[in-house]
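Chains, contacts and geometry: an overview
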Amino acid sequence: MTAGASADAVVVRVDRDRCIGSGMCALSAPGSLALGTDGLAEPVAEYGSDGAELTTGLAEAVDFCPVEALTLYSARGGYRIAPAE
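Here's what I pulled together on the structure shown here. Every chain's residues receive numbers from 1 upward, in the order its sequence appears when written. Confidence filtering applies because this is a predicted model: local features only for residues at pLDDT of at least 70, side-chain atom pairs given and counted only at 80 or more, and all residues used for totals across whole chains, interfaces and linings. Note: side-chain values were computed over all heavy atoms of the structure, leaving out hydrogens and water.

1. Digging into the environment of Asp-50
Each helix is a run of H or I in the DSSP string that is no shorter than four residues. Each strand is a run of E no shorter than two, and both are numbered from the N terminus. Position of Asp-50 among the secondary structure elements: in the loop between α2 (45-48) and β4 (52-53). Here the alpha-carbon distance between Asp-50 and Val-10, two residues 40 residues apart in the chain, equals 8.2 Å.

Here it is in structure tokens:
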């Protein structure tokens with residue numbers, strides 16, 4: 001899916017200063033997030049740049065992050081989706 005193709009297209013951002021590498025995100029959404037060689041979370045390419053379809057796993061990964069290092073934004077409008085401010 002390309003950005004703008006759906007109202008549900010999202011971009012996920014990882015605050016690498018907050019991330020502790022617990023791996024909960026990669027376990028919840030293995031197609032969306034992975035642990036990099038440094039042990040910290042990183043989005044797969046489509047979620048980090050142009051956006052991709054919001055999945056249940058990705059939404060859960062944001063909720064499960066113990067240090068709130070993940071943030072979802074609308075790929076179309078750029079507004080924050082989760083977590084709530």
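The rest of the description comes next.
2. Here we look at unusual backbone geometry
In this model, Ala-82 is joined to Pro-83 through a cis peptide bond whose omega is -10°. Residue placement: Pro-83 occurs in the segment after β6 (80-82). Even without being glycine, Glu-68 reaches a positive phi, approximately 50°. With respect to the element layout, Glu-68 can be found in the loop between α3 (56-64) and β5 (70-74). Here the term buried applies to any residue with accessible area under 20% of the maximum for its type, exposed to any over 50%, and partly exposed to those in between, with areas from a 1.4 Å probe on protein chains only. For Glu-68, a relative accessible area of 49% gives the class partly exposed.

3. Some words on the pattern of salt bridges
The salt bridge definition used is simple: a Lys or Arg side-chain nitrogen within 4 Å of an Asp or Glu carboxyl oxygen. Per the counting criterion, the structure on display carries one salt bridge. For the salt bridge of Asp-38 with Arg-16, the shortest nitrogen-to-oxygen distance reads 2.1 Å. Of this pair, Asp-38 sits in the loop between β2 (33-35) and β3 (41-43) while Arg-16 sits in the loop between β1 (9-14) and α1 (24-28); the two residues are 22 residues apart in sequence, bridging distant segments of the chain. Judged by its relative accessible area of 35%, Arg-16 falls in the partly exposed class.

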